[in-house]
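Structural features, examined
Below, each chain spelled out in residue letters.
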Amino acid sequence: MTITRRQVLLIGGIGAAGAAGALWLPRETLNAKSISRLPYSEMPRPFRTPLVQAPILRPTRVEIDPLDGAPVNYYSVSEIAASASILPRLKTPILGYNGIFPGPTLSVDQGTKVVLRVRNKLPATHPLDGHALSTSTHLHGSASLPQYDGYASDITPPGFYKDYHYPNFQPARTLWYHDHGVHNTAQNAYSGLAGQYHLHDPLERALLPQGPFDVPLTITDAMFAVDGSLGYDDNDHSGLWGDVILVNGKPWPVMKVQKRVYRFRILNASISRSLRPTLSTGDPLVIVGTDGGLMPRSRSVANYRHAGAERYEILIDFRKYQTGQRIELRNLSNKNNVDYDFTSKIMAFDVVGDPVDTMDPTWNTIPTTLVGSEVMSLTAAQSTKTRHFRVKRNDLTNLWTIDDGSWQAVVESGFTKVAANPALDATEIWEFENSSGGWFHPIHIHLVDFQILGRNGRAPFPAEMGPKDVVYVGEGETVRLLMKFGPHRGKYMIHCHNLPHEDHDMMVQFSVGLAATDVDPNDPISAAPPVWDTQV
Ligand code: C2O
């Protein structure tokens, strides 16, 4: 990337920040024309490019775990600085797993363990702002041991690799892997270090479309500098709102669809922007899965709120449309975003008349009853403790905080400071309160799935009545979450998934089943250190 820091700031200066007249954005939703500095002829437009899919990653070998007889798939990805075709003509430098964005998709069955080798082949420093390109890979949605969980300060420098072990005992779900490097997660994920990971099980396979009708959609937003490189302006760490919407790395793509039911695994991988997806026809989206997998029953919605890092699995029924008809997936947006001319569109579906395989029972099925889960069966009466966390900006330090805590304070404590210390297998209620106004915070708790009990004393939204690991805490909202802590002991992070907030410095940690004096056999930094990569 040839863009300098000064040019990056210039991008912000003429765009949204100029429109708002202040650096701190947003208080309300703002509308502006554009923020990219591309000439008109180079600016992408909606619905000019086909939807593409990241390749499925193949294991390098498969073994049997001698201890329990479980299959173990070994995979390898390399973090590489590469170039992507996003714009009509100009190339865009990115950082990608295997040099692509989104990274390759992993697809495994429940009960198959995974060892993922992540090889850091990045340059020493980020070409845009010069930060050191040490990385930490988090499989978001997996109950991994702490030393394999992408703990922010457990970093792998360029020239090293780390083997991440994933247990895959959880129910089927859509997970994603992304960089979590301490204080640089936003820039690294925005540069392209993100990909999907699918965990299958027999229940989900029987109920929902599979193969070509099970479609990952990774949605991000981006802004571009005049040379086609990514612009980066996080408005003094408040958030980055790009004017180009990408789905699987392409601007506002079009997908051809048969007249049948499709399943979409929608991941909002934007570092700040939240979405409110809806169909141009006014027809419903049928939500069947949330972050932690299938919901107890499906929910039909006209639109729903979708923050960064949340995953929603959705059925769309294309049976009744005409051949040649175009259906748009649009974005109604939410309060406290910055919107541009075309951020109200996400992608489009073009209906084709190809014959449909009616032997596949999912072709015309919209199931209403899905599957229960341990977390959705918990009741508030089982909780032994209620904890309350306030998420806010500290105006004195200019830092985002959780109960005045920050990752810097965790680092300064030698990683001993914890915001909560539930016992192993304890069930607790955690409340998150966002009363400072002007912002929404998608709060992510590592290790656990939780049930949303309510928001501001009312029921959760229909779309979020399933197992979750990220909760949208909107302006003026207090949410109540119910969860059981396990199956691992150890230290895990809690943070805002607006990644500039996380990096500055809205991240703390909790410990499960550990007394302050315990020696932690799964210490997230020392238990599985990175290894010098002799192949680089
Ligand atoms: Cu998706 Cu701690 O992150």
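Residues numbered from 1 in each chain as written. Predicted model: local features only at pLDDT ≥ 70, side-chain atom pairs only at ≥ 80, totals over all residues. Heavy atoms only, no water.

1. Here's the deal with the packing of aromatic side chains
- With the rule as written, the count across this model stands at 25 aromatic pairs.
- On the basis of an interplanar angle of 70° and a centroid distance of 5.6 Å, the ring pair of Phe485 and Phe510 is categorised as edge-to-face. Placement of the pair is Phe485 in the loop between strand 30 (477-484) and strand 31 (490-496) and Phe510 in strand 32 (residues 507-512), with a sequence separation of 25 residues.
- Looking at Phe510, the relative accessible area reads 0%, which means it is buried. (Phe/Tyr/Trp six-rings, centres within 6.5 Å; stacked < 30°, edge-to-face > 60°. Helix = DSSP H or I, 4+ residues; strand = E, 2+ residues; numbered from the N terminus. Buried < 20%, exposed > 50% of the residue type's maximum accessible area, 1.4 Å probe, protein only.)

2. Considerations on the sheet that holds strand 5 (residues 103-109)
- Strand order in this open sheet of four strands is 5-10-9-7, and the pairing throughout is mixed. At either end of the open sheet lies a strand with only one pairing partner, and these are strand 5 and strand 7 (137-140). Taking each pair of neighbouring strands and ignoring which way they run, the sheet shows an average axis angle of 20°.
- Strand direction decides the pairing type here: strand 5 and strand 10 (residues 194-200), joined by five bridges, are parallel. Looking at the pairing, Val108 lines up with Leu199 of strand 10. (Pairing = 2+ DSSP bridges. Axes fitted to C-alpha atoms, helices over the stretch in contact; angles between N-to-C directions.)

3. Section: the pairing of strand 2 (residues 61-64)
- In the sheet, strand 2 pairs with strand 3 (residues 71-84) via four bridges, with the strands oriented antiparallel. Its bridge partner being in strand 3, Val62 is matched across the sheet by Asn73.
- Counting the residues between successive antiparallel strands, the hairpin from strand 2 to strand 3 contains six residues, one of them, Gly69, with a positive phi of roughly 75°.

4. Let's talk about the environment of Asp425
- Considering the arrangement of structural elements, one finds Asp425 in the loop between helix 6 (407-412) and strand 26 (427-434).
- Taking the C-alpha atoms as reference, Asp425 lies 8.2 Å from Gly513; in sequence the two are 88 residues apart.

5. Let's talk about unusual backbone geometry
- Cis peptide bonds are those with omega within 30 degrees of zero, and the linkage from Gly486 to Pro487 qualifies with 0°.
- Relative to the helices and strands, Pro487 resides in the loop between strand 30 and strand 31.
- A cis geometry characterises the amide bond from His504 onward to Asp505, with omega recorded as 15°.
- Within the secondary structure, Asp505 sits in the loop between helix 7 (499-503) and strand 32.
- The phi dihedral of His183 is positive, around 65°, even though this residue is not glycine.
- One can find His183 in the loop between strand 9 (173-179) and helix 3 (185-190).
- Given the relative accessible area of 28%, His183 is considered partly exposed.
- One non-glycine residue, Asp236, lies in positive phi territory at about 55°.
- Mapped onto the elements of the fold, Asp236 is located in the loop between strand 12 (230-231) and strand 13 (244-247).

Function-wise, these values are silent; they only describe arrangement.
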